[in-house]
Amino acid sequence: MVTLVLPRLAARAEQRFQRAAAVTGRNVTAARHFGYWWVLVSGFFEPVLYLLSIGVGVGALIKSFTLPDGRVIPYAAFVAPAMLAASAMNGALAETTMNFFGKMKYLRLYDGVLATPVKPFEIALGELMWALVRGSIYSVAFLGLMVAMGLTSAGWALVALPATVIVGLAFGGMGMAIATYVRSWQDFDYIMVVQFALFLFSGTFAPAGSYPLVMQIVVQLTPLYHGVELLRGLTTGVLGWGLLGHTAYLIAFASIGLAIASRRMAVLLYK
Amino acid sequence: MAHPTYAVFEHQLVSYRRVWRGSVLSSFLLPVLFLLAMGLTVGGYVDRGGGLGVRYLDFIAPGLLASTALQVAAGEATWPVHAGFVWHRMYHGMRATPVRIPDMVRGHIMYILLRVALSAVGFLVVMALFGAVHSAWAPAALPVAVLVGLATAAPIFAYSATISTDGMFAVLFRFAVVPMTLFAGVFFPVDSLPLAARALAYVSPLWHGVELTRAATLGTPTAWGGWAHVSFLVMWSVAGYLLAVHRFSRRLAD
Amino acid sequence: MVLRKSLADLSYPRVRVLDVSAAEPLIAAHGLVKRFGDFTAVAGIDVDVRAGEAFGFLGPNGAGKSSTMRMIGCVSAPSGGTLRILGMDPVRDGPAIRARLGVCPQQDSLDQDITVRENLTVYARYFGISRRQARQRADELLEFVQLTERANDKVEPLSGGMKRRLTIARALVNDPAIVLLDEPTTGLDPQARHLVWERLFQLKQRGVTLVLTTHYMDEAEQLCDRLVVMDGGRIGAEGSPRQLIERYATREVVELRFSDATLDSYLGKLEGIGERLELLPDRILLYADDGDLAVAAVHERQLRPSSVLVRRSTLEDVFLHLTGRTLVD
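Model, not experiment: these values are computed from the prediction. (Residues numbered from 1 in each chain as written. Chains lettered and ligands numbered in written order. Predicted model: local features only at pLDDT ≥ 70, side-chain atom pairs only at ≥ 80, totals over all residues. Heavy atoms only, no water.)

Below, the discussion takes up the overall build of chain C. Looking only at helices and strands, chain C features 12 helices and 13 strands. With respect to the three principal axes, the spread of C-alpha positions in chain C is 75 × 45 × 35 Å. For chain C, buried positions account for 53% of its 329 residues. Of all intrachain contacts in chain C linking residues separated by at least 6 positions in sequence, the fraction that spans at least 24 positions is 68%. Of the roughly 14,600 Å² that chain C leaves accessible, carbon and sulfur atoms contribute 49%. (Helix = DSSP H or I, 4+ residues; strand = E, 2+ residues; numbered from the N terminus. Buried < 20%, exposed > 50% of the residue type's maximum accessible area, 1.4 Å probe, protein only. Contact = heavy atoms within 4.5 Å. Areas by Shrake-Rupley, 256 points an atom, 1.4 Å probe, with all protein chains shown as cover.)

What follows is the structure in structure tokens.
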């Protein structure tokens with residue numbers, strides 16, 4: 001029985017993956033064109049600029065930076081992993097909210113795709129894989145910069161890389177779910193505000209422990225906080241059981257997002 | 001009959017009535033969040049260092065006011081202008097009426113300056129609530145914000161009328177708007193920048209706006225003297241406007 | 001001549017081997033219904049499409065044609081009735097059916113970010129076609145729809161006719177058993193329409209099963225072996241264009257215009273000439289097997305129309321007879 005079912009299941013999974021990969025492939029093809037390429041490359045600079053401005057520029061005004069646990073580290077080393085997490089979030093959200101919405105509603109790209117054997121879930125998966133590919137390229141570059149600036153070691157950078165993929169996955173899945181509820185471009189103003197608030201208040205520029213108590217509680221419920229804490233633990237080389245908790249939170253967040261996204265897409269596209 | 005420039009301005013106001021909620025968020029709430037995050041939390045660490053002479057919150061608040069003018073101007077001078085050429089082709093529609101190209105540019109920029117002024121008033125009130133206003137000159141920050149809006153919106157109009165795909169806006173933001181926001185003296189004094197970067201900051205309209213705004217709300221002198229900064233912003237505005245009219249004429253020629 | 005050569009290059013098997021028995025139609029719908037909330041778009045239709053035929057849905061906008069096409073394309077679940085496509089169930093076997101359909105939607109959904117050629121290669125990948133095969137297939141199809149010279153251009157600058165041809169090429173990328181075309185030439189100028197018809201005619205000759213919707217009777221007459229007339233979600237009549245005209249119209253039609261305002265006052269005066277009269281806002285149609293005889297009878301009654309036109313009956317007349325309305329308003 002098992003010998004009969006398993007190969008069938010495996011073949012089906014492989015087919016699914018291939019179809020999702022075809023959706024990813026479309027984006028790779030598009031990325032090769034000049035205009036798009038510029039956009040991709042320029043995306044890398046934003047977190048770098050923040051690191052240099054806040055981490056180094058404002059960091060120079062902070063004479064000594066003491067963490068709540070008493071350790072003293074350069075302010076830039078504190079900000080850098082947060083920028084890494086924020087960059088994974090921004091990259092994943094850019095692809096899965098704005099670009100995804102544009103492809104679905106404005107370019108009507110998926111109307112054509114749905115006439116093929118590709119299913120909504122596979123479209124969602126394919127777009128998410130692309131968001132992760134794009135985000136990972138940024139992460140690799142940013143981690144390289146961190147190593148060059150002496151903000152982490154090469155070894156810890158290697159450990160942190162897969163963690164950035166998990167952060168991207170969490171935001172990618174949720175972003176796609178949100179995009180299916182967006183009515184018009186104006187709604188992105190709201191998404192942007194939330195995204196920016198997360199960026200500012202996830203223990204990014206100051207330890208979450210220094211926030212007022214109510215805010216500390218709220219912040220601990222949000223996903224970027226867990227991403228920042230996970231990456232900060234890894235790049236500064238401070239391990240603890242808490243890191244597993246952060247990871248579990250992010251994976252759960254990603255699964256819920258993806259499940260909502262594929263259900264909503266089927267509703268929206270199969271009218 | 002109303003002047004055509006005013007007709008263009010009015011056209012923009014009509015569309016603003018539909019989208020104002022979202023724009024209140026992005027043009028008012030975002031800078032306030034920034035002020036809270038940097039001024040209050042990071043501010044605590046900076047103030048312990050004591051290198052600035054003033055509270056960090058008081059230092060960045062005027063900078064963020066000027067930077068808000070830039071954000072609103074940049075947001076409104078990019079996609080909406082592109083849309084007018086490519087998506088809903090509003091400018092092509094206007095071309096078929098007595099509206100001249102300078103009317104289109106002026107009317108649309110007038111609307112943007114109104115938006116800048118509204119955001120600036122809102123932010124100034126928030127600043128006052130946080131006790132970040134320390135001079136009777138503070139209201140002068142409003143015309144400065146409008147001037148920063150003009151000095152940035154006008155050249156960006158020219159850019160928007162030139163590019164062919166809206167993807168190039170990401171390039172504008174990442175290589176001009178964001179660097180200006182982060183390195184033109186909003187968050188830390190430009191003196192600590194390497195020479196080349198400092199030169200770029202001096203060229204940018206935002207730095208001059210930040211200097212003037214900071215002088216207004218803190219009652220301190222500016223780096224180069226008030227009129228020097230104002231002249232510099234006027235230069236950006238005039239050059240940007242002329243270039244914008246030129247690029248609009250090119251774009252609408254075919 | 002160039003056209004014919006390029007067609008020969010395309011390797012379509014003349015006879016398709018299907019895994020359904022020859023007797024079973026490729027598409028079989030019985031009592032098919034589509035509802036959107038309270039609105040019934042398709043109100044129980046029966047349709048059989050057989051292998052190798054060109055089948056048309058003719059009807060005005062809002063007749064339920066596009067809803068029917070979306071159900072056949074397996075992107076919209078039927079609200080009632082049965083539907084079998086290639087012997088399979090569209091709800092359960094959607095992907096397997098879609099793998100063998102080619103769909104040309106009413107609104108072009110081409111990818112603006114990539115080139116003409118990439119539109120075909122990328123699309124081929126959705127069907128699991130290998131990269132090498134996809135490239136080869138794309139080149140053949142570009143030749144077929146005469147877009148080889150624009151292969152490396154972006155989609156945006158193409159004319160409407162070129163975009164439609166590219167969409168048709170895209171629909172052929174998986175060598176489909178059935179090609180669905182929703183309003184294939186709506187919005188195109190006459191020259192572009194003829195070019196599209198020519199390509200579709202070539203496909204038909206090669207034995208590809210075509211299913212199309214149209215509200216142009218000339219398109220239906222040009223392309224369809226068999227068609228159904230749809231209105232208000234129902235099928236009014238079914239047959240070949242010639243059969244329908246024979247059944248629902250006379251051989252010829254006389255179009256009469258009068259310069260004075262009140263056309264309906266002439267209806268009584270024309271009574272008895274030909275088989276049937278239709279009153280349109282600007283003219284009266286007089287159905288008769290011999291148009292010239294009918295014109296002579298009109299003159300005998302001392303009626304002086306400002307213009308007289310004798311023509312053959314078309315599907316437009318069939319539609320008018322069946323629904324009392326014109327196709328294109």
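Core analysis: the biggest nonpolar cluster contains 149 residues, and Tyr50(A), Phe205(A), Tyr56(B), Tyr91(B), Phe157(B), Phe187(B) and Phe248(B) have the highest contact counts within it. Dropping the residues within four chain positions of it, Tyr91(B) is found in contact with Val81(B), Gly84(B), Phe85(B), Met104(B), His108(B), Phe157(B), Phe248(B) and Leu252(B). (Core = buried A, V, L, I, M, F, W, Y, C linked by side-chain atoms within 4.5 Å.)

Take the sheet that holds strand β8 (residues 226–231) of chain C next. Residues and elements named next belong to chain C. Strand order in the open sheet formed by six strands is β5-β6-β7-β3-β8-β9, with mixed pairing between adjacent strands. The open sheet has two edge strands, β5 (101–104) and β9 (234–239), and neither has a second partner. The sheet shows a mean angle of 15° between the axes of neighbouring strands, direction not considered. Sheet topology note: the strand β6 (residues 178–182)/strand β7 (residues 209–214) ladder contains five bridges and is parallel. From the neighbouring strand, Leu180 faces β7, where its bridge partner is Val211. Packing against the sheet, helix α9 (residues 241–248) makes contact with β8 and β9, and its axis sits at approximately 105° to β9. Where helix α12 (residues 315–323) meets the sheet, it contacts β3 (54–58), β8 and β9, and its direction lies at approximately 40° from that of β8. (Pairing = 2+ DSSP bridges. Axes fitted to C-alpha atoms, helices over the stretch in contact; angles between N-to-C directions.)

Turning to a negative patch on the surface, a few remarks are in order. Taken together, the side chains of Glu275(C), Asp289(C), Asp290(C) and Asp292(C) define an acidic patch exposed on the protein surface. Assignment of secondary structure puts Glu275(C) in the loop between α10 (264–270) and β11 (276–279). (Patch = residues over 30% accessible without salt bridge, like charges linked within 9 Å, V, L, I, M, F, W, Y side chains within 5 Å. Salt bridge = Lys/Arg side-chain N within 4 Å of Asp/Glu carboxyl O. Lys, Arg positive; Asp, Glu negative; His and termini not counted. Charge placed at Lys NZ, Arg CZ, Asp CG, Glu CD.)

Under the present numbering, the feature "domain: ABC transmembrane type-2" (unreviewed entry) in UniProt falls on residues 38–268 of chain A. End-to-end, the C-alpha atoms of residues 38–268 of chain A are 32 Å apart, and along that stretch the chain is 77% helix and 0% strand. (UniProt positions renumbered as here; feature names shortened; annotations may be inferred.)

On to the arrangement of the chains. Among the two pairs of chains in contact, the pair with the most contacts is chains A and B. Regarding chain B and chain C, which are not in contact, the minimum distance between any of their C-alpha atoms is 10 Å.

Another aspect to go through is the interface of chain C and chain A. Facing 26 residues of chain C, the contacting portion of chain A comprises 24 residues. For the pair chain C and chain A, the summed buried surface comes to about 2,100 Å²; carbon and sulfur atoms form 61% of the total. One can count two salt bridges joining chain C with chain A. As a salt-bridge pair, Arg26(A) and Asp113(C) come within 3.1 Å of each other at their nearest N and O atoms. (Buried area = accessible area lost by both parts, 1.4 Å probe.)

Attention now goes to the interface of chain A and chain B. In many analyses, interface size is given as the accessible surface area lost on bringing the parts together. Listed as interface residues are 34 residues of chain A and, on the opposing side, 34 residues of chain B. Together, the buried faces of chain A and chain B total about 3,200 Å²; carbon and sulfur atoms form 80% of this surface. If you sort the residues of chain A by the area they bury against chain B, Leu49(A), Leu61(A) and Val193(A) come out on top, with a joint share of 17%. Joining chain A to chain B, the criterion identifies one salt bridge.

Further remarks concern the confidence of the model for chain A. A residue-level look at chain A finds 97% of positions with pLDDT of 70 or above and a mean pLDDT of 87. Per-element averaging of pLDDT across chain A places helix α1 (residues 2–31) of chain A at the bottom with 82 and helix α9 (residues 223–235) of chain A at the top with 93. (pLDDT = per-residue confidence, 0-100.)

So, about the confidence of the model for chain C. All names here are of chain C. With 91% of its residues at a pLDDT of 70 or more, chain C has an overall mean of 84. Note that residues 1–21 has pLDDT below 50 and, in this model, 38 contacts with residues that lie over four places away or in other chains. Listed scores for the predicted complex are pTM 0.77 and ipTM 0.88.

Residues and elements named next belong to chain C. Ordered in space as β11-β12-β10-β13, the four strands form an open sheet in which the pairing is antiparallel. Looking at which strands have only one partner, the edges of the open sheet turn out to be β11 and β13 (307–312). Within the sheet, the average angular offset between the axes of one strand and its neighbour, ignoring direction, is 20°. Taken strand by strand, helix α11 (residues 291–300) contacts β10 (252–257), β12 (284–288) and β13, and its axis lies near 35° from that of β10.

Once that is clear, we can look at the pairing of β9(C). Residues and elements named next belong to chain C. One ladder, built from five bridges, connects β8 with β9; its direction is antiparallel. Residue Val229 lies in a different strand from β9, and its bridge partner there is Ala237. Between β8 and β9, which follow one another and run antiparallel, lie two residues, and Gly232 among them has a positive phi close to 55°.

Three or four residues apart is the spacing at which side chains of an α-helix point the same way, because the helix has 3.6 residues per turn. Residues and elements named next belong to chain B. Relative to the 22 Å expected for 16 residues at 1.5 Å per residue, helix α7 (residues 168–183) spans 22 Å between its end C-alpha atoms, a close match to the ideal helical length. The largest bend along α7 measures about 35° and falls at Arg174. Counting buried residues along α7, 14 of its 16 residues qualify, which places the element largely inside the surrounding structure. (Expected span 1.5 Å × (residues − 1). Bend = angle between axes of the 7 residues up to and from the residue.)

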